[in-house]
Amino acid sequence: MSTMIALAAAAALSGPPEADAFMDRLQALCGKRFEGRLVSTDAADADFAGRRLVMHVRDCSEREVRIPFAVGEDRSRTWVVTRTDQGLRLKHDHRHEDGHEATRSQYGGDSAPGGTAERQSFPADAFSRELFVREGIPASVDNVWSVEVRPGALFAYELKRPNRFFRVEFDLTRPLAD
């Protein structure tokens, strides 16, 4: 009986093989921090240009990986990748300095078909689209976020929508010391 329960639990955590392989790549980075650089040149990214960009892959479980992303001294952002029955989900958890959740938080989406072990894309879900309209940023309803993990080489986070492209890359060959 316990074997059947274990198999059922494993099946519940298993999605498409590409999503599982991608999650394995993320989990292999757990506990490590990396410095990144802005590689896009959109004028809207002026706040990121010239600031230290650091991600810390932490709070890893079989079902979820949390990746705080610091922009200079601003530590308000965390990328959250979660396994679902259909694949993966990316959410953006934004917090104020006191730890309270920001109004513009928990936006993201579920992985789109065609993802690979190296790259997954996440179109804005219904919650996100409603949030963006309510918050007066309707251009964001077309957001598609992508995350890439090339083991031993690169981690990238990307945002695309019409007339907007943002990308930051992290060098996985140079983890930061604690």
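Note: the structure precedes this text.
Residues numbered from 1 in each chain as written. Predicted model: local features only at pLDDT ≥ 70, side-chain atom pairs only at ≥ 80, totals over all residues. Heavy atoms only, no water.

## Description of the overall build of the protein
Just so we agree on the cut-off: Helix and strand assignments come from DSSP, with helices taken as H or I runs of at least 4 residues and strands as E runs of at least 2, each series counted from the N terminus. Only C-alpha atoms enter the radius of gyration, while the globule expectation follows 2.2 Å times N to the 0.38, with N the number of residues. Pairs of residues are marked as contacts when any of their non-hydrogen atoms sit within 4.5 Å. Per-residue and other accessible areas were derived by the Shrake-Rupley procedure at a 1.4 Å probe size, with only the shown protein chains allowed to occlude residues.
Helix and strand counts for the protein stand at three helices and 11 strands. N-terminal to C-terminal, the α/β element order of the protein is α-α-β-β-β-β-β-β-β-β-α-β-β-β. Its C-alpha radius of gyration of 17 Å places the protein within 12% of the 16 Å reference for a compact globule of 178 residues. By principal-axis analysis of the C-alpha atoms, the protein measures approximately 55 × 40 × 35 Å. Look at the contacts in the protein between residues 6 or more apart in sequence, and 44% of them connect residues 24 or more apart. Roughly 9600 Å² of accessible area belongs to the protein as shown, and the carbon and sulfur atoms make up 52% of that amount.

## Some details on the packing of aromatic side chains
Cut-off, in case you're wondering: What counts as a ring pair is set by centres within 6.5 Å for rings of Phe, Tyr and Trp (its six-membered ring), and what kind of pair is set by the plane angle: stacked under 30 degrees, edge-to-face over 60, tilted for all other angles. When a residue's accessible area, from a 1.4 Å probe over protein chains only, is under 20% of the maximum for its type it is buried; when over 50% it is exposed; and in between it is partly exposed.
Inspection of the entire model under this criterion finds 12 aromatic pairs. Between the aromatic rings of Trp79 and Phe155, the centroid separation amounts to 6.0 Å while the plane-to-plane angle is 20°, which identifies the pairing as stacked. Residue Trp79 is located in strand E5 (residues 74–83), and its partner Phe155 is located in strand E10 (residues 154–161); the two are separated by 76 residues in the primary sequence. Residue Phe155 is classed as buried on the basis of its relative accessible area of 1%. An aromatic cluster is defined as three or more aromatic residues linked by ring pairs; in this entry it consists of Phe48, Phe69, Trp79, Phe155, Tyr157, Phe166 and Phe170.

## Considerations on the environment of Glu101
Put simply, the rule reads: Distance and chemistry together define a polar contact, namely a pair of N or O atoms within 3.5 Å, with one atom able to donate a hydrogen and the other to accept it when in protein, and with adjacent residues in sequence counting only for side-chain atoms on both sides.
By the secondary structure assignment, Glu101 is in the loop between strand E6 (88–94) and strand E7 (107–110). According to the relative accessible area criterion, Glu101 is partly exposed, its value standing at 38%. Each C-alpha atom, one on Glu101 and one on Arg58, is 19 Å from the other, the two residues being 43 residues apart in sequence. Apart from residues no more than four positions distant in its own chain, Glu101 is found in contact with Asp93, His94, Arg95, His96 and Gln106. Side-chain polar atoms of Glu101 contact the side chain of Ser105, separated by 2.9 Å. Here Gln106 takes part through its side chain, which lies 2.8 Å from a polar atom of the side chain of Glu101.

## Topic: the environment of Ala124
Tracing the backbone shows Ala124 in the loop between strand E8 (119–123) and helix H3 (126–134). Sequence separation between Ala124 and Tyr107 is 17 residues, and the spatial gap between their C-alpha atoms is 7.4 Å. Residues within four places of Ala124 in sequence aside, it is in contact with Gly108, Arg129, Ser140, Val141, Asn143 and Trp145.

## A word on the nonpolar core
Spelled out, the test is: Remark: nonpolar core denotes a set of buried residues (Ala, Val, Leu, Ile, Met, Phe, Trp, Tyr, Cys) joined through side-chain atoms within 4.5 Å.
Core analysis: the largest hydrophobic core is formed by 33 residues, its most contacted members being Leu26, Met55, Trp79 and Phe155. Discounting chain neighbours no more than four positions away, the residues touching Phe155 are Leu26, Leu29, Met55, Ile67, Trp79, Val147, Glu148, Val149, Val168, Glu169, Phe170 and Leu172.

## A closer look at H3
Put simply, the rule reads: It is the directions from the helix axis to the C-beta atoms that the arc portrays.
When we look at burial in H3, the residues that qualify are Ser128, Leu131 and Phe132. Along H3, the residues classed as buried sweep out an arc of 95° about the axis, all on the same side. Among the exposed residues of H3, those oriented more than 90 degrees off its buried face are Glu130, Val133 and Arg134. On its buried side, H3 packs onto E6, E7 and strand E9 (144–150). Gly136 lies just past H3 and shows a positive phi near 80°.

## Points about the state of the cysteines
For the record, the criterion: By definition, disulfides here are pairs of cysteine sulfur atoms that lie within 2.5 Å.
This model, assessed by the stated rule, comprises one disulfide. Cys30 shares a disulfide with Cys60; S-S distance 2.1 Å. In this structure, the disulfide formed by Cys30 and Cys60 twists by about 110° around the S-S bond and is classed as right-handed. Here Cys60 lies in strand E3 (residues 58–60) and Cys30 lies in the loop between helix H2 (17–27) and strand E1 (33–38), a separation of 30 residues in the sequence.

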